[in-house]
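# Notes for the structure review
Below are the chains, spelled out letter by letter.
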Amino acid sequence: MSTKKYAVAIRDVLQQEMQRDERVFVMGEDIAEQGGIFGCTRGLMEEFGKERVRNTPISEAGFIGAGVGASLTGMRPVIELMYMDFTYVAMDQILNQAAKIRYMYGGKATLPLVIRGQQGIGRGNAGTHSQSVEAFFTHIPGLKVAMPATPADAAGLLRTAIRDNNPIMFFEHKALYAVSGEVPDDPDFSIPFGKAAIMREGADVTVIATSLMVSRALEAAEKLSGEGIDVEVIDPRTILPMDMDTFVGSVKKTGRALVVHEAHRTMGIGAEIAAELTEKAFVYLDAPVARLGAKACTLPFSLVLENAVVPGVDDIVEGVRKICYR
Amino acid sequence: MDNKRLEWIYKTMLTIRNFEDKALSLFESNQLRGSVHLCTGQEAVAATVCSHLRDEDYITSTHRGHGHCIAKGAEPDLAMAELMGKSTGYCLGRGGSMHIADVTKGNLGANAIVAAGLPIASGAALSAKLRGTDQIAVAFFGDGAANEGAFHEALNLAAVWKLPIIFVCENNQFGISTHVDVSTSVKDIAVRAKAYDIPGEVVDGNDVFDIDKAVKKAVARAKAGKGPSLIECKTYRWYGHWTGDPQVYRSKEDVEIWKQKCPIKRLEEYLREHKILTEKEMEKMHSDASSQIDAAAEFALSSPDPDPATVLENVYFEN
Ligand SMILES: Cc1ncc(C[n+]2csc(CCOP(=O)(O)OP(=O)(O)O)c2C)c(N)n1
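All values reported here derive from a predicted model rather than from experimental measurement. (Residues numbered from 1 in each chain as written. Chains lettered and ligands numbered in written order. Predicted model: local features only at pLDDT ≥ 70, side-chain atom pairs only at ≥ 80, totals over all residues. Heavy atoms only, no water.)

### Considering the pairing of strand β10 (residues 205-209) of chain A
All names here are of chain A.
- Among the five residues that make up β10, five are buried, leaving the element largely enclosed by the rest of the structure.
- Pairing of β10 with strand β11 (residues 231-235), which is carried by four bridges, proceeds in the parallel orientation. Across the sheet, residue valine 205 finds its bridge partner in β11, namely valine 231.
- This β-α-β element, β10 to helix α8 (residues 212-225) to β11, shows right-handed connectivity.
- Pairing between β10 and strand β13 (residues 257-264): four bridges, direction parallel. When the sheet's bridge partners are listed, threonine 206 is paired in β13 with alanine 257. (Buried < 20%, exposed > 50% of the residue type's maximum accessible area, 1.4 Å probe, protein only. Helix = DSSP H or I, 4+ residues; strand = E, 2+ residues; numbered from the N terminus. Pairing = 2+ DSSP bridges. Right-handed = clockwise from strand over helix to strand, strands pointing away.)

Structure below.
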């Protein structure tokens, strides 16, 4: 085990996978000399050279499309998007091309491709640079979607993503890059997709939270334990595939569930989870499955407003109390 | 160029310079947050281009947009309040530095998405054409933006529809850390005009007169219904890409060389030499600009934050 920051955990896996497999290469804006504006590729150009650590022009549709083409023809590209919000500029290449090619070609094409980068609130970047956009990529079959909340999960899931033969959307969080945690040193350490992590065990309520919301849910759970409410916190880690079995198992025990994500509540993954729980665990539920997510407006620049839009610890506490009828 | 216009350009450049200096110091003292991209050193482009525009003409701008907004008539106090996310700001604190807009003055918005403003400016030019007015549109953008699909699509649309628009590229040589030489297939971005069969011209972006000549021609062409022009202004940003950029990609010497080419100093030399303004008058304009910006900062600092209860307003037009 080593203690490292989330950003370093990502960097180290990129390095190890590039050492292990010559087909792996990284490209993106300002990732070479600069090492990425969040430092996730720092030092890689020095080790692997500019061919495999490739600075791109500001041409997202162009270089994501190039990633699709390179992955179709034997390479294993890992593309960094400076902000995952910029996927919008390249949506056709992601949703119409990367997601669909294998199926449309009758299973005769393989696309080992990772598109990774950060998203979310925390740096005052306003509406086009603070979004949580993961849900878009879960609606179109053909992609897998990961969103690690800890350094170890970032490392383990990224390794799985790079070794997977499918196009993967890998959502990091800008506010998590500086968070430190224990990461196994084993260069094959990986975490399978579709396995949730129980971050805290509890008997009364299940809180399912993603990315930055995991730490907020844990904080809320601490507060609630003082009121005699024992909260179980689960991080799905990948939202496609989604580990419904773990959620159902937990709800069978607690009878109550709250889903918390930073992305907009409307049409978000919380709705999907709530619907699945209703279908699969209806008889165990003592209250409707509740959801918290960003309010239905553009992420505002002002910090006061941003805090009003995205669920905070107190909102989670309140949300739990509500489904406990307190 | 007549003296009135020159004086206006000079004054506008001073306002922009002071605005950026103030934004930097507020950022450094933690009174302002977020992504703040300063245009210090590039003021000549915004001021000279906008000296040819009327309120009813349109611009679209970029993440590095304070200068364009001020030159297109933004009040520094409302702009500074927006940088601080205050309820008195241009966007009521919703947009921040990268989204300052004032549609009433033809500023269709700074834009945090690289190259997103170009097609929008083409649309404004299309609208002017459809409405039969003599309005024109200007799209400001950086060298990095010229590698986005939106740049190419906007130029082609504007060319094929003969829209009254001027594409103004501020080539400050870098997109964040990436030098144009490694990101861009041509030495001069203006060359790309050829691909769309429109005029493309390279000018010294730190020289008011050089910019002015090219803009004059482009405005005349737009108003004559002949279509778009591309003007590439070679310039340099004095500070990092954003406040806090370690700038590993360029040397201090290079920055110094470009500071010697300060567009404001160059204009002052001309004004002095041609006795258009006296030393005293220039000093007064400096101190006026500085006190105007001090007052703007005061206004912004003393303005209230937005009320969280209003956060869901303006998502839709309420019929
Ligand atoms: C579509 C998109 N891609 C990437 C970015 C991140 N980004 C912001 S500014 C910038 C560099 C832009 O360079 P340029 O157009 O030359 O303008 P400059 O910053 O030099 O003024 C980049 C890559 C973005 N905001 N939007």
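### Observations concerning the domain arrangement of chain A
Residue and element names in this part refer to chain A.
- Taken as a whole, chain A is organised into domain 1 (2-183) and domain 2 (197-325).
- Of the roughly 2,000 Å² buried between domain 1 and domain 2, counting both surfaces, carbon and sulfur atoms make up 65%.
- Between domain 1 and domain 2 we count one salt bridge in total.
- Applying the counting rule to domain 1 against domain 2 returns eight residue pairs in polar contact (both at pLDDT 80 or more).
- Listing elements by their share of the side of domain 1 that touches domain 2, those giving two or more residues are α6 (136-139), β6 (144-146) and α7 (151-163).
- The leading source of residues in the side of domain 1 that touches domain 2 is β6, at three residues.
- Looking at the side of domain 1 that touches domain 2, its residues break down into 13 nonpolar, nine polar and three charged. (Domains from an automatic or database assignment. Buried area = accessible area lost by both parts, 1.4 Å probe. Salt bridge = Lys/Arg side-chain N within 4 Å of Asp/Glu carboxyl O. Polar contact = N/O pair within 3.5 Å; in protein donor to acceptor, adjacent residues only side chain to side chain. Nonpolar A, V, L, I, M, F, W, Y, C, P; charged D, E, K, R; others polar.)

### Let's talk about the environment of Ala197(A)
- You can see Ala197(A) is positioned in strand β9 (residues 197-200).
- In this structure the C-alpha to C-alpha distance between Ala197(A) and Ile234(A), which are 37 residues apart in sequence, comes to 5.7 Å.

### Observations regarding the interface of chain B and chain A
- Between chain B and chain A, the contact holds 35 residues from the first and 31 residues from the second.
- Summed over both partners, the interface of chain B with chain A comes to about 2,600 Å²; 63% of that surface belongs to carbon and sulfur atoms.
- Three residues, Arg33(B), Ile113(B) and Val311(B), lead the burial of chain B against chain A; their summed loss comes to 23% of the area buried on that side.
- Joining chain B to chain A, the criterion identifies zero salt bridges.
- Linking chain B with chain A are seven residue pairs in polar contact (both at pLDDT 80 or more). (Contact = heavy atoms within 4.5 Å.)

### Things to note about the site of the ligand
- Taken together, 22 residues form the shell around the ligand, and within it Glu60(A), His63(B), Arg64(B), Ala112(B) and Gly144(B) come nearest.
- Near the ligand, the surrounding residues are drawn from chains A and B.
- His63(B) places a polar side-chain atom, nitrogen or oxygen, 2.7 Å from an oxygen atom of the ligand.
- Ala145(B) has a polar backbone atom sitting 3.2 Å from an oxygen atom of the ligand. (Near = heavy atom within 4 Å.)

### Considering the packing of aromatic side chains
Residues and elements named next belong to chain A.
- Tallied over the entire structure, the rule returns twelve aromatic pairs over all chains.
- Ring centres of phenylalanine 38 and tyrosine 83 lie 6.3 Å apart, and the angle between their planes is 75 degrees; on these two criteria the pair is classed as edge-to-face. Of this pair, phenylalanine 38 sits in the loop between β2 (24-28) and α2 (44-52) while tyrosine 83 is found in the loop between β4 (76-81) and α4 (91-98), placing the two residues 45 residues apart along the sequence.
- With a centroid separation of 5.4 Å and an interplanar angle of 45 degrees, the aromatic rings of tyrosine 83 and phenylalanine 86 are classed as tilted.
- A relative accessible area of 7% places tyrosine 83 in the buried class. (Phe/Tyr/Trp six-rings, centres within 6.5 Å; stacked < 30°, edge-to-face > 60°.)

### Quick look at the pattern of salt bridges
- Taken as a whole, this structure holds 33 salt bridges over all chains when the rule is applied.
- Here Arg200(A) and Glu222(A) are joined by a salt bridge, their closest N and O atoms 3.4 Å apart. Of this pair, Arg200(A) sits in strand β9 while Glu222(A) is found in helix α8, placing the two residues 22 residues apart along the sequence.
- A relative accessible area of 16% places Arg200(A) in the buried class.
- Arg17(B) is the partner of Glu43(B) in a salt bridge, and the nearest nitrogen-oxygen pair spans 2.5 Å. With a gap of 26 residues between them, Glu43(B) in helix α2 (residues 43-50) and Arg17(B) in helix α1 (residues 3-28) connect regions that are remote in the sequence.

### Describing the nonpolar core
Residue and element names in this part refer to chain A.
- By size, the foremost hydrophobic cluster in this structure holds 117 residues, and its most contacted members are Ile94, Phe137, Met169, Val207, Leu258, Leu277 and Val320.
- Each of domain 1 (2-183) and domain 2 (197-325) accounts for three or more of the residues forming this core.
- When near neighbours in sequence (up to four residues on either side) are disregarded, leucine 277 contacts Ile208, Met244, Phe247, Val248, Val251, Ala257, Phe282, Leu285 and Val289. (Core = buried A, V, L, I, M, F, W, Y, C linked by side-chain atoms within 4.5 Å.)

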